[in-house]
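Results of the structural survey
Next come the chains, spelled out residue by residue.
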Amino acid sequence: MASLASLRASTKAGPGGAPGGAVVGRFGVGFAAVRSVADEVAVVTRAGDGAADGVAFSLVRTRGLLAEHGLADRLPDRGDALPVLRLPFPLPADDVARLAAQVGSGALPSPGRATAVVLALRDDDAVAAVRHQLDDLDDALLLALGALDVVRVDAGGEVRALGRDAFSPERGWRVATAHGAVPVALLADRPVEERDRTGWSVTWALPVAESAGTARPAGSGVVHAPTPTADRTTLPGVLVATLPLDATRRHAVEGPLAEHVAREAGELFARTVAEIAREHPDGALALVPRGVPAGWADAVVQGAAVAALRDAPLFDGTPAREAVAIEGPVGVDASVVDALRPALHGLTTLPPSARGAARLLGVSVRPLADVVEDLAPGLPPGGWGRVLAALAPYASDPDVREALASLPVPVVPPADAPGRPVAAAVTVRGARGVVAGDAPDDVLDAFRVWSVPVAHPDAAHPVLHELGALAPDDPAVLELPAVRAALLRAAEEPEAPDNEPDDAARVLAVVAAIRRAHPSVVLPRAAGAVLLPALDGETGEPVAPQAAADLAVPGTWAADVLDLDLLDVDALPPGADPVALLDAAKALGAHDDLDVVTLRDVVLPGPGEDATLPDDLDDLLGDDVLDHLEALADRVGGGTLVDELDVVVPLDAVPDDATAEVVLHVLAEPRLRAALLARPLGEASHLSGWVRARLGAPFTVPAGGRGPHVPFVPGLDETAPDAAGLADVLADPRVAEALGAVRSLDALDDDALGEVLDRVADRDAGDDVPLADAAALWRALRAAAGRGAVWDPPPDRVLALVLDDDGRPRARVVDAADARVASGPHAAVLGSVVPAAPGEVDAVADALDLDVQADDVPPDADGDAAPADGDAGRWRLPAAVVALVPDVTIDAVRHRRLVVAGHSVPWWVTLRASGPGEAGDAVVHATTTDGLARGLALAAGDWSLRHALAAALADPSAADALVVETAWD
């Protein structure tokens, strides 16, 4: 009681100097606060023997006592603001009973309680104020009143208990308190009665794991000082702090003292979160404040908290300032981060829910590619193996694969070869170019000797292949620069000491592994230059190592037929599977048969250029391939890009007397048959060209009258007597064409037709040729000239149409200087002529370098014209006949006898230019309707019309049907 009576009386007054309204006091929940709502206060205490006693504080009795002591004249100025709590009065027993009756209790204090304070509330406003304050009370009150465990609130029969256990660890809370002294300078602007209060106190109750269902008390979200205020806080948990309050006790007073306490609150918050992080890291990050401050006090607390949290070890034991997190799903995976952390200090797992907090605190959240770039290479191989295993689930993502392009990969140092390593390793950046996986020791030793990085066994995780590493048996290893260099060295004379493998032996080991995994793989043709042990093909004696492409495998078709040295099987490297090594030798190019090689993206040589091949193929393919490229360029044009071109090797090893055997073998092997019958760009294939050259194509098959007669073309029995046995296979038209057999002169290309012309020119002048053979040649010449053929140099002699002494036509070899190209057979009376259709005359003349027979030669004067009814000396042409030649104006002259160049002829045509007074552009002379039909057809420029015109002249009524039929010409 002495302590209560010595409390400093409040100097605060309400309106008119009286306490009242919403004024509740200034110093917290101390006893003096009761005067804000009551003028009569009783304190009743139960003694140890059960007797109750008490004191009273009374405004009425205080006023009377002061008046008795001569202070009555000062009482009006003070109003009700008297030192009531300084003057305790004894409380008689009857007053105790009276008070008990007022509160509805039979005894005060209640059983089990030592002391009770009874207030006689002043008025309705006081009642409302007290009820409001009681309603606001929450469990946070116990955080301020450390000596109490339970507070029971009974307001109008509504009873509730506030307990300290609401913030117990069992319920998911962490409570922390800090105390300290306030620097004196911070109290300078505070009221006098507060300046001797130099201590501060802050208490936080923070939820450890809200996700587990931690309940928040009603007082969370507001600042307690220590009772709830109107100042809000956005930080999670409950804050109780000795912030100075304004007169209403609803707001903290901004100033140096409040800011000091608020900063202390923020720093305590950060220390408490750091403690929580040791056991509940995810829960701790959820406590990091990220909202917009709710007021100045909240801003100070939050700012101090965030500043302190930046140095707190919240991220896997690392402060935010030093922590690094990975963007995306990879950064959420603890197994990935745990595996990578030894290679990058500060690496931390960052779930999506914590990214905002991490960025606020300054964690460096970086793309995976940047993190990979900064990884230190110091992990042991097993550590990198764990990294790769952790990353494996993400390797299917192309973005992740790109980000991992520079991931350190532990490889076995070349110095450790030969023999499989155990622990030694260095690292290279990126998996591309690394060989990873299990393989025989001799294969891995080969790679290490060649300085190809080989993944350490402890880190050879399959995910390396998704990142660009190659398996030891992947054919792509042969394209690695170091392996290509080894292939080139293996094509040189071996220099390895005795009993040590050289590059060729290592190549064999690697290729054997590749072929075991990929039996149908086709190796680069450069591999064919690898030197392998060899035997002389005739004597069987050992000779110097030769390129694989120049050897035949003993006991095979190639060894029996081709002119090649043999692979020395017994000299292959010992200790390996001999079957696998033999297969590897075949894959390198040692022949057991003819091989089909596909050239890709070939550019044909231009005019005057020589065909070339890539450097790695130049020595492996024969001149026959170059000749084929040049011949193809002549036909389709230089500079043409050929996507794929199949060539067959080694044709230069085929003996001259084995051509027929090779052809039969080719036709029996599907892959070779396809290469023979192929038509690249519509032209003969490489193999077809080679066979044609060997068989002397073009030729006719079969000879001896059993096949079609093709004049001027020799039979197969003449061009290749040893290949006569091929006649039976030429029954297939495609095979016959591929081998060079022809069934007519029209099937000859321009070069072959030129050879025919040369054969004709080799005959003596004056030799006669069957007219049917000559007609076939003339047709072929016209077709070739029509497509632009020109033979340079032109033939000295040509086959021409001539008339013998009795006027009969003959096909005769004549000097080219004596021949002319004529548009119709009638011109033969003027001399030796080479036939050509009217529209083809110039082309044929250019092709053979001949002159053109003139078309304006008139008939001889000793002929005569015959008079006709209505028009003397003229043929009357029915309209139906004229309809067959509508585009030509024709003057038809009828003769009884027609003579040209001294020869009596049935018809003649003279072409003339049209002009004023001219009857037309062609004059047809004829003695018969049949001759007239031929003259009209020639004049019309369409020799094929002669039969239709003859029929129309003989029967004009049939002319309409004949006109219709011309639609199919």
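Up top you'll find the structure we're talking about.
To start, this report covers the structure provided alongside it. Here the structure is a predicted model, which is why all the values come from computation and not from measurement.

Cut-offs and rules
- Along every chain, residues carry numbers that run from 1 in the direction the sequence is written.
- Local features in this predicted model are restricted to residues of pLDDT 70 or higher, and side-chain atom pairs are both shown and tallied only at a pLDDT of 80 or more, whereas totals for entire chains, interfaces and linings draw on every residue.
- Only hydrogens and water are set aside when side-chain values are computed; all heavy atoms of the structure are taken into account.
- The secondary structure listing takes helices from DSSP runs of H or I that are at least 4 residues long and strands from runs of E that are at least 2 residues long, numbered from the N terminus.
- The cut-offs for exposure are 20% and 50% of the maximum accessible area for each residue type, with area from a 1.4 Å probe on protein chains only; residues under the lower value are buried, those over the upper are exposed, and the others partly exposed.
- Should any heavy atoms of two residues lie within 4.5 Å, those residues are considered in contact.
- Computed with the Shrake-Rupley method and a 1.4 Å probe, the accessible areas treat only the protein chains shown as cover for residues.
- Residues belong to one nonpolar core when they are buried, are Ala, Val, Leu, Ile, Met, Phe, Trp, Tyr or Cys, and are joined through side-chain atoms within 4.5 Å.
- At least two bridges found by DSSP between two strands are what make those strands a pair.
- Only C-alpha atoms enter the line fits that serve as axes; for helices the fit covers just the stretch in contact. Angles between N-to-C directions range over 0 to 180 degrees.
- Here a Phe, Tyr or Trp ring, Trp counted by its six-membered ring, pairs with any other such ring whose centre lies within 6.5 Å, and the pair is stacked when the planes are under 30 degrees apart, edge-to-face when over 60, and tilted otherwise.
- By definition, being over a ring means that NZ of Lys or CZ of Arg is both within 6 Å of the ring centre and within 35 degrees of the ring normal.

Our focus in this paragraph is the overall build of the chain. Counting secondary structure elements, the chain contains 34 helices and 33 strands. Residues classed as buried in the chain amount to 46% of the 969 residues present. For the chain, the share of sequence-separated contacts (at least 6 apart) that also reach a separation of at least 24 residues comes to 64%. Surface accessibility of the chain: about 45,700 Å² in total, with carbon and sulfur atoms responsible for 51%.

Another point: the nonpolar core. Residues Val202, Trp204, Phe269, Leu309, Leu314 and Phe315 are the most contacted members of the largest nonpolar core, which totals 51 residues. Those elements that provide at least two residues to this core are strand 7 (173–181), strand 8 (199–207), strand 11 (238–241), helix 7 (256–279), helix 8 (281–286), helix 9 (296–309) and helix 11 (355–361). It is helix 7 that contributes the most residues to this core, 12 residues altogether. With near-sequence residues (within four places) excluded, Leu309 lies in contact with Phe269, Ala270, Val273, Val288, Pro289, Leu314 and Leu361. Among the nonpolar cores identified, the runner-up in size contains 45 residues, and Val769, Ala776, Val833 and Val841 belong to it.

Strand-to-strand pairing in sheets goes through backbone hydrogen bonds, with the strands running parallel or antiparallel. Taken in spatial order, the five strands of this open sheet run 7-8-11-9-10, and their pairing is mixed. Two strands bound the open sheet, and with one partner strand each, they are strand 7 and strand 10 (228–232). Between one strand and the next, the sheet's axes are offset by a mean angle of 25°, whatever the strand orientation. Bridge count between strand 7 and strand 8: nine bridges; the pairing is antiparallel. Bridging across to strand 8, Trp173 finds its partner in Pro207. Helix-sheet contacts for helix 7 involve strand 7, strand 8 and strand 11, and the interaxial angle to strand 8 is about 35°.

So, about unusual backbone geometry. Cis geometry is found at the peptide bond from Val649 to Pro650, where omega equals -5°. Topologically, Pro650 is positioned in the loop between strand 21 (641–649) and helix 23 (659–668). Here the amide bond leading from Ala697 into Pro698 is cis, since omega sits at 5°, within 30 degrees of zero. For Leu681, which is not glycine, the phi torsion reads 55° and is therefore positive. Position of Leu681 among the secondary structure elements: in the loop between helix 24 (670–677) and helix 25 (686–695). Notably, Phe712 is not glycine yet its phi reads approximately 70°, a positive angle. For Phe712, the location among the structural elements is in the loop between helix 25 and helix 26 (716–719).

Our next topic: the packing of aromatic side chains. Going through the model one piece at a time under the given rule, you end up with three aromatic pairs. Aromatic pair Trp204 and Phe269: ring centres 5.1 Å apart, planes at 65°, arrangement edge-to-face. Residue Trp204 is located in strand 8, and its partner Phe269 is located in helix 7; the two are separated by 65 residues in the primary sequence. You can call Trp204 buried: its relative accessible area is 0%. Looking at Arg894, its charged tip hangs above the ring of Trp875, at a distance of 4.4 Å from the centre.

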